[in-house]
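# Per-entry structural report
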Amino acid sequence: MKANAVPLLALFEKKMRLEVPLFQRQYVWNREEQWEPLWEDIERKFTEYLNGRKDAPVHFLGAMVLDQKQTPSTHVEKRQVIDGQQRLTTLQIFLAALRDFCREQNCEDLAKELEGFTLNKGILANPEVDKFKVWPTQLDREQFCDVVGSRSRVAVEEKHPPKRRKYARRNDPRPRMVEAYLFFSDAIRDFFLGTAQETPIAADQPLEVRLDEAFQALKNALQVVAIDLEKEDDAQVIFETLNARGEPLLPADLLRNHIFLRAARQGEPQEDLYEKYWRGFDDDFWREEVRQGRLVRPRSDLFMQHFLSSRQLVDIPIKHLFVEYKFWIERERPFENVTKELATLARQRDHFRRIVAPEPSDVVFELATFLERFDIRTAYPLMLFLLDSSLPEGEWKAISVLLESYLLRRTLLGWTTKAYNRIFLNLTKSLREASPSAKNLEAALMALSGESSGWPTDAELLETWLTANVYERLNNAKLGHILRRISNEHFTKHSEHITISSPLTIEHILPQNWVEHWPLPGGEKGLSPNELLEADPDDARVVASRRRNALLQTLGNLTIVTQELNSVVSNSAWSVKKPELLKVSLLPINQQLHQYETWDEAEIERRGKALFEKALKLWPRPAAQQT
C-alpha cells in the first residue's frame, strides 16, 4: 500500500478511469452535510488566492483508496475505487460546474483546460464510457453522464426540468447528482459574479483573472491522499479499517500536545505550565458540546477557533484549526516563548467564558446575552479582542449599544448575515489599527453600506417596525428580547423593578383567531382565510379583513407574558381580554394597555409607533449621518 499526498487536479490529470465497483452504494451525499462543507473548503482557498494569501497551508479534502485493474494495452487505464467514491464523484460534478461556468462567461481557454480534468481525450476504445474520468455504479451512470457530459448548465436543465405534482407546494427533487451540479453552479456564480446584496471578492479585477487565480488554488492549495493498493493488499480489510469508528482527538487535544511538546524542547517546565495555564481547559465545561451553526462542537474547539480568528483576522473553520494554529505559530512566531503563549490562551479562555456563560453583574452580560439569543457568534473574535483591551465600563456600555443597534436593526429588516464573518474581522482590524473605542467603532460601522453590511436608518426601521410580519420572521427568543427591553424602558427611578426568571411567551393582543369575537371597524364580521380565497377582492369586508391580517403579526400587536393566557380568554373580545391581561401581568409593557379602550387597526398602529419611540432610545443610530 502506497499513500501519497497529491494535488486535487493531479488526481484527474492522467488519462485514466476511476471505476466504482457495482456493489458499492449509490450516490448519497446531500447539500447540508457534504456539498456545503466541501464548497466552503474550496471557497476559502479561492478567497485566499484572490486576497494574495498564497502561503497558507494546503487543505486536504480526504483520502481515496484505489486498486489497480488489469487493462488491455489499447484501453484507458483503470483503477477501482475501494474508498472515497462519494467524494471523487462530487469533485467531478464540481469541476463540471466550474467548467461550464467558464464557458458561459466566455473564458473558453480555462473551460478547455478544466475539460481535461473531467473528460479523457485522444484515442478511446469505448468512447462513450472511456471518456469519463470517474465511472459510477450502474444505477448512477445516466445522471452522471448527463451532468458531466452535457457541457452546459442549460443542457443539464433541459434534460432535467423542474417538475411538480398536482397540488404540491414544491417541485419534485431532481436526481441527486443533478441537484449537486446545480448547487455548485449557483455557488460558483454567486462567488464570482456576486449577488444583489454582496459584490464579489476582488471585484476590481477582470473575471478571467479571478477565475485563473481560483484555478491556481485548485492546482496548488487543495490536496487529497491517494492510497494505491499493491497485489498483496486485501482491499476489504483496508476499507473496513479506514471506516472503523474510533473516538477522534479534539483539535484542543492536538493543540495541547503540540504546545507542550514545544515547551519540552525549549526546556520550559511542562508540569508547572499545565497546572498554571492549561488545567482549566480540562474542566467539563470546555468539553461540553454546544451548537454553532450546523455544527455541534466542544466549547474548547469553539474558543480556539475564535481566538485564532481574532489574532489572524481571517475566518478559521474548525476542521482546519490544528493546521492553521501550527502554521501561525511557525510562520508568525507571535509569542516569545510557550509560557507567554499559554498565559495568553488562559487569559482569553477566561474572556471567552465571560461571553458564552456571562454573569448578570458583568458589564458584557447584556451584549453577550443578545448575541446568544440572536445566534450571532461571528462577533466573538471582536469580543475577544475588546475584552483583551481592558476597556473602562463606560466604553463597554457604549460599544454594546452600538453593536446591538447595528445587528438588531439588520435582523428586523431581514438583511443578510452572510458577510458577518468578514464584517467582524474587518472591525477587529480597524479597531486594532485605530485603537479600541466606541467612537472608532461607530465610525467603522457608519462607513458600511448596502444590505450586505450597512446599518439601517430610522426611516428603514420604522417601515419594517409598523408593517413587517415579524412574528414569522423572528423566533420567540428574539421577539421576547425586543419586547422585554422595551418593557424595561418604562421603568423610572421611582419604579419597583421586577425580576422575571421564567420564560416569556409571545401573545397576540388581537388574536390570530380573531374572526369570531373581533368584528371589523365597521361592525361587520371578518372573513376567514378560506372565505377570503373565494370572495370578491374588491369587497369592503375583504379589504378590511386583509388589512387586519397584515397588521396581526406586527410589533404593535405583540406583547409578552410569563405564561400563556387561557385560549378562551386569549380569543375573547377586548372587553374580556384586557382586564385579564392587566391582572395576570405586571410587566410595564402590558400595564400600558390600560389606556386603550378599544383594540383595532388604528390602535395597533398607534401602539406600534409608541413602541418605536422607545426602540429608538434603546437602539439608536448616529443622528448626524441619517440619510
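Refer to the structure above for everything that follows.
Our subject in this report is the structure included herewith. Predicted model, so just to flag it, every value in this text is computed and none were measured. (Residues numbered from 1 in each chain as written. Predicted model: local features only at pLDDT ≥ 70, side-chain atom pairs only at ≥ 80, totals over all residues. Heavy atoms only, no water.)

### Some words on the pattern of salt bridges
Counted according to the given criterion, the structure contains 47 salt bridges. Among the salt bridges present, the one from R189 reaches E104, with a minimum N-O distance of 2.3 Å. With R189 in helix α8 (residues 176-193) and E104 in helix α3 (residues 85-104), this residue pair connects regions lying 85 residues apart in the sequence. Residue classification places E104 among the partly exposed positions, given a relative accessible area of 39%. Between R279 and E275 there is a salt bridge; the shortest N-O distance is 2.7 Å. Classification of E275 as partly exposed rests on a relative accessible area of 46%. (Salt bridge = Lys/Arg side-chain N within 4 Å of Asp/Glu carboxyl O. Helix = DSSP H or I, 4+ residues; strand = E, 2+ residues; numbered from the N terminus. Buried < 20%, exposed > 50% of the residue type's maximum accessible area, 1.4 Å probe, protein only.)

### Considering the pairing of strand β3 (residues 59-68)
Two faces, one strand: in a regular strand the side chains alternate between the faces of the sheet. Relative to strand β6 (residues 222-229), β3 is paired through seven bridges, and the arrangement is parallel. Of the residues in β6, the one forming a bridge with H59 is L222. Inspection of the sheet shows β3 paired to strand β4 (residues 77-83) by four bridges, in the antiparallel sense. In the strand pairing of β4, D67 is matched with Q80. (Pairing = 2+ DSSP bridges.)

### Quick notes on the nonpolar core
Counting 87 residues, the largest nonpolar core has Y325, L412 and W465 as the members making the most contacts within it. The contact partners of Y325, leaving out residues within four places of it in the chain, are L255, I259, R262, M304, F307, L308, E341 and L345. (Core = buried A, V, L, I, M, F, W, Y, C linked by side-chain atoms within 4.5 Å. Contact = heavy atoms within 4.5 Å.)

### Some details on the environment of T195
Mapped onto the secondary structure, T195 falls in the loop between α8 and α9 (207-220). It is 9.4 Å that separates the C-alpha atoms of T195 and S452, two residues lying 257 residues apart in sequence.

### Considerations on the packing of helix α14 (residues 299-312) against helix α15 (residues 321-332)
For any two helices packed against each other, one specifies the crossing angle of their axes together with the interaxial distance. Two numbers describe how α14 lies on α15: the axes approach to 11 Å, and their chain directions differ by 40°. One element, α14, and the other, α15, form an angle in the oblique class. As α14 packs across α15, the resulting crossing turns out to be left-handed. On α15, the residues that touch D301, M304, Q305, F307, L308, R311 and Q312 of α14 are L321, E324, Y325, W328 and R331. (Axes fitted to C-alpha atoms, helices over the stretch in contact; angles between N-to-C directions. Parallel < 35°, antiparallel > 145°, perpendicular 65-115°, else oblique. Left-handed = near helix turned anticlockwise from the far one by under 90°.)

### Re the packing of aromatic side chains
Summed over the entire model, instances satisfying the criterion amount to 34 aromatic pairs. An angle of 50° between the planes, with centres 5.9 Å apart, marks the rings of F46 and F191 as tilted. Placement of the pair is F46 in helix α2 (residues 31-50) and F191 in helix α8, with a sequence separation of 145 residues. In this pair, the class of F46 matches that of F191, namely buried. Centre to centre, the rings of W574 and W599 are 5.6 Å apart; their planes meet at 35°, and the pair counts as tilted. Taken together, the residues span a long stretch of sequence, with W574 in helix α29 (residues 574-584) and W599 in the loop between α30 (588-591) and α31 (601-618) at a distance of 25 residues. Under the relative-accessibility criterion, W574 is labelled buried at 7%. Of the residues examined, W599 reaches a relative accessible area of 5% and is grouped as buried. Here the basic side chain of R299 rests over the ring of F285, its NZ or CZ set 4.1 Å away from the ring centre. Directly above the aromatic system of W514 lies the positively charged group of R548, at a separation of 4.8 Å from the ring centroid. (Phe/Tyr/Trp six-rings, centres within 6.5 Å; stacked < 30°, edge-to-face > 60°. Lys NZ or Arg CZ within 6 Å of the ring centre and 35° of its normal.)

### Focus on the environment of N337
Locating N337 in the fold gives a position in the loop between α15 and α16 (338-356). Given a relative accessible area of 23%, N337 falls into the partly exposed group. Along the sequence, N337 and Q266 sit 71 residues apart, while their C-alpha atoms lie 8.3 Å from each other. With sequence-adjacent residues up to four places away left out, N337 is seen in contact with Q266 and E268. Of note is the side chain of N337, whose polar atom sits 2.8 Å from the backbone nitrogen of K340. (Polar contact = N/O pair within 3.5 Å; in protein donor to acceptor, adjacent residues only side chain to side chain.)

### Considering the packing of α3 against α8
In the contact formed by α3 and α8, the axes pass within 9 Å of each other and the chain directions differ by 50°. With respect to α8, the axis of α3 lies oblique. For α3 against α8, the interelement crossing comes out right-handed. Here α3 contributes T89, T90, I93, F94, A96, A97, L98, D100, F101 and E104 to the contact with α8, which in turn contributes M177, A180, Y181, F184, S185, I188, R189, F192 and L193.

### Here's the deal with the pairing of strand β10 (residues 558-561)
Judged by which residues are buried, β10 turns out to be covered on both faces: L558 and I560 on one side and T559 and V561 on the other are all buried. One ladder, built from four bridges, connects strand β9 (residues 505-508) with β10; its direction is antiparallel. Across the sheet, the residue bridging to T505 is V561, located in β10.

### Some remarks on the environment of D253
Inspection of the secondary structure puts D253 in helix α11 (residues 251-265). D253 sits in the buried class, given a relative accessible area of 7%. Expressed as a C-alpha distance, the spacing of D253 and D301, which sit 48 residues apart in the sequence, is 9.3 Å.

Such coordinate-based values are descriptive only and should not be taken to indicate function.
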